[in-house]
Amino acid sequence: MRNNKLKTAATIFLLGLLAVPLYFTSTFVLHMFTLVFFYIALTAAWNIPAFGGKFSLGHAAFFGLGGYTAAILYVKLGISPFIGVVAGTFVAMVGGVILSFPLIRLKGPFFTLSSIAFAEVLRMVAVDWRALTNGSVGINIPFKPSWLNLTFTSGAPFYYMALGLALLVIGLAWWIRSSSLGYHLRAAAADEDAARALGINTAKAHFLGLMWSSGLTGMIAVFYVFYNYVLEPGTAFSMDLFSLQPAMNGIIGGMGTVWGPVIGAIIMTPLGEFLRFYLGTIQQGLNFVVYGLMLIAVVNFVPGGIVSLIEPWFKKKKSGDSSAADN
Amino acid sequence: MDDLLVVRDLTKNFGGLAAVSEVSFEVRRGEILGLIGPNGAGKTTLFNLISGLLVSNRGSIMLEGEDLTKKPPYKRSAMGVGRTFQVVRPFDMTVLENVMVPIFAHYKTSKEAKEKAFEILEMVKLDKMADKMPANLTLAQRKRIEVARALATKPKLLLLDEVLAGLNPTEVAENLPLIRQVRDSGVTILFIEHLMDAMMAISERVLVMDQGALIACGTPDEVTSDQCVITAYLGEEAPGC
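Residues numbered from 1 in each chain as written. Chains lettered and ligands numbered in written order. Predicted model: local features only at pLDDT ≥ 70, side-chain atom pairs only at ≥ 80, totals over all residues.

1. Thoughts on the overall build of chain B
Check the secondary structure of chain B and you find nine helices and ten strands. The principal-axis extent of the C-alpha atoms belonging to chain B is close to 60 × 40 × 35 Å. Classification of the 241 residues of chain B by burial places 46% in the buried group. Sequence separation of at least 24 residues holds for 62% of the intrachain contacts in chain B that already meet a minimum separation of 6. (Helix = DSSP H or I, 4+ residues; strand = E, 2+ residues; numbered from the N terminus. Buried ≥ 20, exposed ≤ 12 C-beta atoms within 10 Å, placed from the backbone. Contact = placed C-beta atoms within 7 Å.)

What follows is the structure in structure tokens.
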């Protein structure tokens, strides 16, 4: 019964989201929604290795690889971004294969450190390999509106695409978490040795988790880059925007859960924009001070993230049917 | 005799220390074999070597004639080596889900895994706790989760690392029959235990380790009257050891 009510509420909420571009013509409102959806997708993708306890600060690597691949194919060779999405996803996954070597061999902070180094190296390659990437000048996506070019005169198509991506990645994350891969990752996160002794190939589980995560991040990046018309090494491989931000969203919302990244992205994206606008103009970097304080507060007082505050209330509502629910 | 596990000259060095040194023994199919020894004797290291969490420096481990010595832990598990850990650290999920984790190696869907996990929970009498989080259970119950999880891998040989330690006498009396019951369902058992009464009551044979070496092997009566064993435990100088 309660479950049905919840489903109805979710359906109404989704229909409401579909109607947003019809009622809000303000580009700012639409942009903010679109950005939130992109960050929900990026954070949910970042979060998949976190099911297994692996904390990456190098997801900008996959973002940059995916974005650059599609942009180069389109601008230099005239290949449609719809093929670019496939190529971008694939190249980002190749990046994932490379990062899987430290992932499997290194424990705790050492994987995190090597993920930072990985993204930084790729950023420098993008700066120096001018023939391919135009170096620091970057690549501009020419404004030729058409579905095939993934270029539009209004913000609505990207609004819907970003919404679709967010729903897709949440759905995949939920599916992965409740599949055998999800259980294996969660077991490895809790106790790697016990998981291995119970017959789980934990190296394989971590590897598969990273493949999903890197591929999805590369795919989201392609849409994000075409939404922004421009990419250069400093933004495409940006530590702030695509490594730290998803991680922040994840920690604050609740790392390793399905809904944590969603909550984190919904709170942090508008807040981040607001802080950058108001505090960043007073004194550069002041916005990061607030970020830092929030992070310390959450890690100290709510280590499970905001989702851990909401969950008990949610579980109580659902206790009517006691089928082992998890999120 | 039909040997399930054959260990030959197994040696593991940590730097200059031989944690396990040239240990040879066999586990007979269907028996309950106890493993005792003073603290630091190398019992848990031996378990880590058999389950594959550590790789030996020398020697061999054969299960039903197949060489396990160099195989990774998850393959040994698939071949029939199951184990529990001395320090119980259940995964941070419900009791049922804890048992489902290893089952996913055999069943692909959640539904099948859930049914199978429930059967195992009934066997260890935790079926009423299925939806609880392990943190809300008693130590004795958490130790039974460990056993249930290990049973879920369908082991031929089950290594139990102090599943009775830390329990009060009533709980020991409750958990002890479980070990017999598991054996009677066709699983051979090798177990480490410090509770001598319990150990002597249910094991058919006992291995004794001291300072990395195997110093005695026999029935409980033989072992307890062995001079070397008495020396290892009481520290007296005995001739011929």
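2. What to know about the overall build of chain A
Counting secondary structure elements, chain A contains 15 helices and two strands. Computed over C-alpha atoms, the radius of gyration of chain A comes to 20 Å, within 12% of the 20 Å expected from 2.2 N^0.38 for 327 residues, which places it in the range of a compact globule. Principal axes of the C-alpha set define a box for chain A whose edges measure 55 × 50 × 40 Å. For chain A, with 327 residues in total, the buried portion stands at 45%. (Rg over C-alpha atoms; globule rule 2.2 N^0.38 Å.)

3. Things to note about the sheet that holds strand β9 (residues 205-210) of chain B
Residues and elements named next belong to chain B. Here we have six strands laid out as an open sheet, ordered β6-β7-β8-β3-β9-β10, and mixed in their pairing. Single-partner strands in this sheet number two, and they are β6 (81-83) and β10 (213-218). On average, each strand axis in the sheet is inclined to that of its neighbour by 20°, with strand direction left out of account. Note: β6 against strand β7 (residues 157-161), three bridges, orientation parallel. In the strand pairing of β7, V81 is matched with L157. On the sheet, helix α1 (residues 43-51) packs against β3 (32-36), β6, β7, β8 (188-192) and β9 and is oriented at approximately 150° with respect to β7. The strands that helix α9 (residues 227-234) touches are β9 and β10; relative to β10, the one it contacts most, it runs at about 130°. (Pairing = 2+ DSSP bridges. Axes fitted to C-alpha atoms, helices over the stretch in contact; angles between N-to-C directions.)

4. A word on the interface of chain B and chain A
Each side of the interface is counted separately: chain B has 25 residues, and chain A has 19 residues. Looking at the side of chain B that touches chain A, the elements with two or more residues in it are α2 (73-79) and α3 (95-103) of chain B. A per-element tally of the side of chain B that touches chain A places α3(B) first, with five residues. Classifying every residue of the side of chain B that touches chain A gives 13 nonpolar, five polar and seven charged. (Nonpolar A, V, L, I, M, F, W, Y, C, P; charged D, E, K, R; others polar.)

5. Concerning the environment of B:A41
All names here are of chain B. Relative to the elements of secondary structure, A41 occurs in the loop between β3 and α1. Sequence-wise, A41 and E66 are 25 residues apart; in three dimensions their C-alpha atoms are separated by 27 Å. Ignoring any residue separated from it by four or fewer positions in sequence, one finds A41 in contact with M209, D210 and Q211.

6. Some points on helix α8 (residues 180-190) of chain A
Summarising burial for α8(A): ten of the eleven residues are buried, a large majority. Inspection of α8(A) places A:S180, A:L181, A:G182, A:Y183, A:H184, A:L185, A:R186, A:A187, A:A188 and A:A189 among the buried residues, and these make up the whole buried set. On the buried face of α8(A), the contacting elements are α2 (27-51), α7 (156-177), α9 (192-197) and α10 (202-228) of chain A together with α3 of chain B.

7. Re the confidence of the model for chain B
On average, chain B scores 88 in pLDDT, and the residues at 70 or more come to 96%. Among the prediction metrics, the complex's ipTM stands at 0.86, with pTM recorded as 0.88. (pLDDT = per-residue confidence, 0-100.)

8. Things to note about the pairing of β7(B)
A large share of β7(B) lies buried, amounting to five of its five residues. Burial of β7(B) is two-sided: the residues B:L157, B:L159 and B:D161 facing one way and the residues B:L158 and B:L160 facing the other way are all buried.

9. Notes on the pairing of strand β2 (residues 17-28) of chain B
Residues and elements named next belong to chain B. The pairing of strand β1 (residues 3-14) with β2 spans eight bridges and is classified as antiparallel. Paired with D3 across the strands is R28, a residue of β2. Hairpin connection between β1 and β2: a loop of two residues separates the two successive antiparallel strands, and G15 in this loop has a positive phi of roughly 60°.

10. Details of the nonpolar core
A:F37, A:A41, A:I220, B:V99, B:A148 and B:I189 are the most contacted members of the largest nonpolar core, which has 159 residues in total. What A:I220 contacts, discounting residues up to four positions off in sequence, is A:F38, A:A41, A:L42, A:A45 and A:L165. (Core = buried A, V, L, I, M, F, W, Y, C linked by C-beta atoms within 7 Å.)

11. What about the confidence of the model for chain A?
Residues at a pLDDT of 70 or more form 95% of chain A, whose mean pLDDT is 89. Of all helices and strands in chain A, the one with the weakest mean pLDDT is helix α15 (residues 306-318) of chain A (75), whereas α10(A) scores best (96).

12. Notes on the sheet that holds β2(B)
All names here are of chain B. Within the open sheet, the four strands sit side by side as β2-β1-β4-β5. Their pairing is antiparallel. Lying at the two open borders of the sheet, with one neighbouring strand each, are β2 and β5 (66-67). Sheet strands touched by α1: β1, β2 and β4 (58-63). Its angle to β2, the strand with the most contacts, is close to 65°.

13. Details of unusual backbone geometry
Glycine aside, residues mostly have negative phi, and peptide bonds are mostly found in the trans state. The backbone of B:E162 sits at a positive phi, close to 50°, despite the residue not being glycine. Within the element layout of this structure, B:E162 appears in the loop between β7 and α6 (169-184).

14. Examining α2(A)
Residues and elements named next belong to chain A. Taking 1.5 Å per residue, 25 residues should reach 36 Å; α2 reaches 36 Å between its end C-alpha atoms and fits that length. Taking burial as the measure, the 25 residues of α2 include 18 buried ones, the bulk of the element. The first or second residue beyond α2 is G53, which carries a positive phi of 80°. (Expected span 1.5 Å × (residues − 1).)

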